[in-house]
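# A look at the structure
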Amino acid sequence: MNFQLTEEQVMLCTMIRDFAKSEVEPTAIERDENESWDMEIWRKMASLGLTGIPWPEQYGGAGADYLSYVLAVEELSKIDASVGVTLSAHVSLASWPVYSYGTEEQKLKFLKPMAEGKRMGAYCLTEPGSGSDSSNMKTTAILQDEEWLLNGTKIFITNGSYADVFIVFAQTDPAMQHKGITAFIVEKDTPGLTIGKKEKKMGIRSSSTTQVIFEDCKVPKANMLGQVGEGFKIAMKTLDGGRSGIAAQAVGIAQGAFDLAIQYALTRVQFGKPIAKMQAIQFKLADMATKIEAARLLTYQAAWREDQGLSYGCESSMAKLFASDAAMEVTTEAVQIFGGYGYIREYAVERFMRDAKITQIYEGTNEIQRLVISSHLMKEAEGRSS
């Protein structure tokens, strides 16, 4: 097996690292404090081709692979996870279903400007009463002549304040439960679509998270994504790839916190020597680095399998599960190495710790990931025994 990145991927990482250091890092603490997003950062990301990394050039993309996209999320999250998750939600959750299930007309109308960064995407699945139980959604869509009439409320929508294109899931036949869910592409200026309250969060605070409300929202019939009743399948397949993006975000957060911790340990002098010379600190650093590398390999494997056309649902859940737990553990230890300074907002390490927590929750809690993984394992075992 070849674990080396290609020359193009190494160059991509270098470019994004330089961009993140020069354009993202200087205002990261300020944006976190003010809970504000900077659209200029998005425009610069678009100019570098980051907003459409894995999509073909004919649809406005960079023509790269999914692993390259995962690398981009990781590099951005090393500096600011809010920027990483904004890109992740745009590519993995909003653009991917249009690329995978959209008609040619939908790809040219919606995917192309999204890949070019001219329009930002968001994914509307979660509701107040249906978090992990997506099949229990209450948002409805009723066909009236050539339009679908959407009614309902979605919550915790990443990019909600700034998105131009929303991928929305609604019940078209409640009696069919999950088999009655259908997906739609809804533009932000559609009458009946309004953005609700913006959530005040513990972490990823400069990323916008809002309610999206539909009140007799009229969506053209041509904007239905996939077939009637195919929405649940689209939603679940989208989350499979989305979890690789969240895993990459977690790896980036962990690496960013580790980089700060090791530099601090090398310069912080106590008892006449740098604390990096103390065995207790060395043990922490060794464990942190090992967890990060294991998480990174799981994440790259899931992305690679998607690029190869292999099944990746189980692998992406494993990557998300392990990487998010590792991120929480590594950032906690990083704060511990900083001591009292690690608890002060002047130092970025406390932000990394707050940002890490969402990776254990977002796109299905880690308890859900364990259920997904065990389901795959049971199916494999049953297949071998039959």
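Details of the structure are given in the entry above.
The rules behind each value
- Residues numbered from 1 in each chain as written.
- Predicted model: local features only at pLDDT ≥ 70, side-chain atom pairs only at ≥ 80, totals over all residues.
- Heavy atoms only, no water.
- Core = buried A, V, L, I, M, F, W, Y, C linked by side-chain atoms within 4.5 Å.
- Buried < 20%, exposed > 50% of the residue type's maximum accessible area, 1.4 Å probe, protein only.
- Contact = heavy atoms within 4.5 Å.
- Helix = DSSP H or I, 4+ residues; strand = E, 2+ residues; numbered from the N terminus.
- Pairing = 2+ DSSP bridges.
- Salt bridge = Lys/Arg side-chain N within 4 Å of Asp/Glu carboxyl O.
- Axes fitted to C-alpha atoms, helices over the stretch in contact; angles between N-to-C directions.
- Parallel < 35°, antiparallel > 145°, perpendicular 65-115°, else oblique.
- Left-handed = near helix turned anticlockwise from the far one by under 90°.
- Nonpolar A, V, L, I, M, F, W, Y, C, P; charged D, E, K, R; others polar.
- Phe/Tyr/Trp six-rings, centres within 6.5 Å; stacked < 30°, edge-to-face > 60°.
- 1 Å grid on protein atoms, 1.4 Å probe; cavity = no way out; pocket = protein on both sides within 12 Å on 5 of 7 lines; lining within 4 Å.
- Points joined across faces, edges and corners; volume = space filled by probe spheres on them.

## Examining the nonpolar core
Proteins that are soluble and globular tend to have nonpolar side chains buried together. Ranked by internal contacts, the top residues of the largest apolar core, which has 89 residues, are M45, L76, Y123, I167, F169, M288 and I337. Those residues in contact with M45 that lie beyond four places of it in its chain are F19, L50, T51, L76, V83 and L87. With 18 residues, the next largest nonpolar core counts W148, L150, I157 and F184 among its residues.

## Digging into the pairing of strand β5 (residues 181-187)
Where burial is concerned, most of β5 is hidden: seven out of the seven residues are buried. Residue alternation in β5 divides its side chains into two sets, I181, A183, I185 and E187 and T182, F184 and V186, and both sets are buried. Note: strand β4 (residues 165-171) against β5, seven bridges, orientation antiparallel. Following the sheet pairing, A170 is matched in β5 by T182.

## Here we look at the pattern of salt bridges
One pass over the full model with this rule turns up 28 salt bridges. Across the pair R345 and E33 runs a salt bridge, and its minimum N-O distance is 3.0 Å. You can see R345 sitting in the loop between α9 (313-338) and α10 (349-359) and its partner E33 sitting in helix α2 (residues 28-34), a full 312 residues away along the chain. Residue R345 is classed as partly exposed on the basis of its relative accessible area of 40%. Exposure remark for E33: the relative accessible area of 40% places this residue in the partly exposed category.

## Re unusual backbone geometry
Within the chain, F156 stands out as a residue other than glycine whose phi angle is a positive 55 degrees. Looking at the element boundaries, F156 is found in strand β3 (residues 147-158). Phi at D216 takes a positive value of approximately 50 degrees, unusual for a residue other than glycine. Within the fold, D216 resides in strand β7 (residues 209-220).

## A look at the pairing of β7
As paired strands, β3 and β7 are joined by nine bridges and run antiparallel to one another. Residue pairing for β7: E147 is matched across the bridge by P220. Here strand β6 (residues 193-198) runs beside β7; their pairing, made up of four bridges, is antiparallel. Within the sheet, the bridge partner assigned to L193 lies in β7 and is F214.

## Observations regarding the packing of helix α1 (residues 7-24) against helix α4 (residues 66-77)
Relative to each other, α1 and α4 sit at 25 degrees, their axes nearing to 9 Å. Here α4 runs roughly parallel to α1, going by the angle between their axes. Between α1 and α4 lies a crossing whose hand is right-handed. Between α1 and α4, the contacting residues are Q9, L12, C13, I16, R17, F19 and A20 on the first element and L67, S68, L71, A72, E75 and L76 on the second. Of the residues assigned to the contact of α1 with α4, the class counts are nine nonpolar, two polar and two charged.

## Comments concerning the packing of aromatic side chains
Aromatic ring pairs are described here by two measures, namely the spacing of the ring centres and the angle between the planes. The tally for this structure, following the rule as stated, stands at nine aromatic pairs. Aromatic pair W55 and Y99: ring centres 4.9 Å apart, planes at 35 degrees, arrangement tilted. You can see W55 sitting in the loop between α3 (39-47) and α4 and its partner Y99 sitting in helix α5 (residues 81-101), a full 44 residues away along the chain. Taking the relative accessible area as the measure of exposure, W55 reaches 2% and is therefore buried. You can call Y99 partly exposed: its relative accessible area is 29%. Ring geometry for Y341 against Y347: centres 5.5 Å apart, planes inclined by 55 degrees, an arrangement best described as tilted. Pairwise contacts between aromatic rings join Y264, F338, Y341 and Y347 into one cluster.

## Details of the environment of L193
If you trace the backbone, L193 turns up in strand β6. In the structure, L193 is positioned 19 residues away from V212 in sequence and 7.1 Å away in space, judged by C-alpha atoms. Ignoring sequence-local partners within four residues, the contact set of L193 consists of F166, V186, E187, K188, V212, I213, F214 and C217.

## Quick notes on helix α6 (residues 104-115)
For α6, every residue scored as buried is listed here: Q106, K107, F110, L111, P113, M114 and A115. Packed against the buried residues of α6 are α5, β1 (121-124), β4, β5 and β8 (224-225).

## Topic: empty space enclosed by the protein
Going through the model one piece at a time under the given rule, you end up with one cavity of 30 Å³ or more. In this structure, the largest cavity occupies an estimated 40 Å³ of space. Lining the largest cavity are I29, D32, E33, R345, Y347, A348, E350, R351 and R354. Of all the elements in the fold, those that place two or more residues in the lining of the largest cavity are α2 and α10. In the lining of the largest cavity, the residues fall into three nonpolar, no polar and six charged.

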